[in-house]
Amino acid sequence: MLKKLYHQFASPKTYVVLVNKMYPYIFYFSLCIYTIALVWGLAYAPADYMQGNSFRIMYLHVPASFLSQSLYLVMAIAAAVFLVWKVKLAAYMIKSIAPIGALVTFIALVSGSIWGIPTWGTWWQWDARITSTLILFIMYLGLISLHGSFTNFEKADKFISVLVLVGFVNIPIIKKSVDWWSTLHQPASITLTNKPSIDPSMLYPLFFSMIGFSGLIICLVILSSKVQIFNREGNKSWVKDHV
Amino acid sequence: MFDLFKLELFKLRKKLRAWLGPILVFLLITISFPLTVELASDDLKNVFYSILWIASLLTVMVSVEGIFLEDYEDGTLENFSVANDSLFSMVLIKIFIYWLLIGIPISLLGTFFSVSMTGEMSSFYIALPSMLISTYIFINLFALGNSLSLNKGSVLGALITMPLLFPILILLGKIVLNANFGFEISNLLLLMLGVLLLIIVFIPFIISFIIRTHLE
């Protein structure tokens, strides 16, 4: 039963049917949540006692930084699934997530440096977290250009999965860079094990913004993966009915 | 195994530009560095090591760029992949020979330079082991990057390999930092050796998988 379900979901056709059904719900839900979070965070949350109003860029910066690493994790899982079980859908997912990961990392970098001007007095510092995020951005670009340089997509899928898995060694370092080195960037305020060090009046909108932003990015991933599937499976007969 | 070793050694030794060239490039980078800062300045001592790491990285990048290309074009790789499991050992030996003919000479040169630059014998114990280990790691990882971008040019190989070297460069920086403060560096060297041992086993395996995919 479980195996059948797994095989069914691994087929691009079932995926497209399911995703077509889910897409509007996810999109409007996360749009509402993110709007609520932004209104709450920008208008109603109190100003920070040290940073004033500039901390409010947090509601873009934190979700984007969180996703920049999580998307790589998703890609690594998909790469393992593709290499072990040869699930084609996983390879399409890697290809479609890579540009979005680059975009999200870019948003995190830009919003971080905008935030840095009023709080640190500098927009760029060669500090562990910033540098490692920049390297993550370059890794995404490397993945895209590696896949783009091959005309044989079956080979390119294998190469990109190998590179994603090898490059995964950098992710724990990026994640832990603020704890292992004493740097300008603050350590993580929200962890699974400790009580968050943010006041609830700022924390709740942050949680909402993380959920909403992730939902919007998931929508982007869905759209991009559909493009990928239709590109690669364009000659199959079922594609006609779902475009 | 030993025949394979002799064959690969012969192949690299015959191409003078492939192994002597990178060593000279390393020499030129290390020589040209003191020219760009004031020779008398004391700062040179502090930043010299980072130049050493970057110079060895660039040298390895230049030397490894065509590591599999010639064998790919003349069909040697195809022969090895058809023969049962010798592709793995062939890759392993190829990387080892690159380290033997390029990695060890540039480590010795770099050690010589660092001793003469800092004027202290203690830098011998910092530079030599860390350069020997790090060049081996660099060669392994650049070989991986260049096997991915086998016939697509070396820029792509460099682009996808450089981010993977990032943890090793941090470790090298930590070693110099600890040495400057007079702390123990053997624990960091052992950590790097452990990384190397993992890499020696896994990278040739991954590379042989990639090469098989290329030949499909």
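Residues numbered from 1 in each chain as written. Chains lettered and ligands numbered in written order. Predicted model: local features only at pLDDT ≥ 70, side-chain atom pairs only at ≥ 80, totals over all residues. Heavy atoms only, no water.

Scanning chain A from terminus to terminus reveals nine helices and zero strands. Going residue by residue from the N terminus, the α and β elements of chain A occur as α-α-α-α-α-α-α-α-α. Against the globule reference of 18 Å for 243 residues, chain A gives a C-alpha radius of gyration of 20 Å, in line with a compact fold. Across its three principal axes, chain A shows a C-alpha extent of roughly 60 × 35 × 30 Å. Going through the 243 residues of chain A one by one, you find that 47% of them count as buried. Of the contacts formed within chain A by residues at least 6 apart in sequence, a portion of 74% connects residues at least 24 apart. Accessible surface for chain A amounts to roughly 12,800 Å². Of this, 71% is attributable to carbon and sulfur atoms. Of the side chains in chain A, 18 bear a positive and 8 a negative charge, and the two mean positions are spaced by 11 Å. (Helix = DSSP H or I, 4+ residues; strand = E, 2+ residues; numbered from the N terminus. Rg over C-alpha atoms; globule rule 2.2 N^0.38 Å. Buried < 20%, exposed > 50% of the residue type's maximum accessible area, 1.4 Å probe, protein only. Contact = heavy atoms within 4.5 Å. Areas by Shrake-Rupley, 256 points an atom, 1.4 Å probe, with all protein chains shown as cover. Lys, Arg positive; Asp, Glu negative; His and termini not counted. Charge placed at Lys NZ, Arg CZ, Asp CG, Glu CD.)

Moving on, we get to the nonpolar core. If you look at the biggest cluster of nonpolar residues, it comprises 119 residues, and the most contacted ones within it are Tyr72 and Met75 of chain A together with Phe68 and Ile207 of chain B. Setting aside anything within four residues of it in sequence, one finds Phe68 of chain B in contact with Leu77, Val91, Lys94, Ala143, Ser147, Leu150, Ile207 and Ile211 of chain B. Met202, Leu203, Leu206 and Met210 of chain A belong to the second-largest nonpolar core, a separate cluster that totals 11 residues. (Core = buried A, V, L, I, M, F, W, Y, C linked by side-chain atoms within 4.5 Å.)

Attention shifts here to the interface of chain B and chain A. Counting residues at the interface gives 18 residues for chain B and 20 residues for chain A. In this assembly, chain B packs against chain A so that about 2,000 Å² is buried in total across both faces, 81% of it on carbon and sulfur atoms. Put simply, chain B and chain A have one salt bridge between them. Salt-bridge contacts for Lys158 of chain A lead to Glu216 of chain B; the nearest nitrogen and oxygen are separated by 3.3 Å. (Buried area = accessible area lost by both parts, 1.4 Å probe. Salt bridge = Lys/Arg side-chain N within 4 Å of Asp/Glu carboxyl O.)

This brings us to the packing of helix α2 (residues 12-44) of chain A against helix α8 (residues 200-232) of chain A. Residues and elements named next belong to chain A. Between α2 and α8, the shortest axis-to-axis distance is 7 Å and the interhelical angle comes to 150°. The angle between the axes of α2 and α8 places the two elements in the roughly antiparallel class. The two elements α2 and α8 meet at a crossing, and its hand is left-handed. Looking at the contact of α2 with α8, its residues break down into 23 nonpolar, eight polar and one charged. (Axes fitted to C-alpha atoms, helices over the stretch in contact; angles between N-to-C directions. Parallel < 35°, antiparallel > 145°, perpendicular 65-115°, else oblique. Left-handed = near helix turned anticlockwise from the far one by under 90°. Nonpolar A, V, L, I, M, F, W, Y, C, P; charged D, E, K, R; others polar.)

Turning next to the side chain of Arg129 of chain A. All names here are of chain A. With respect to the element layout, Arg129 can be found in helix α5 (residues 128-148). Classification of Arg129 as buried rests on a relative accessible area of 13%. A polar contact is formed between the side chain of Arg129 and the backbone oxygen of Lys175, at a distance of 3.1 Å. (Polar contact = N/O pair within 3.5 Å; in protein donor to acceptor, adjacent residues only side chain to side chain.)

Shape is all these values report; function is a separate question.
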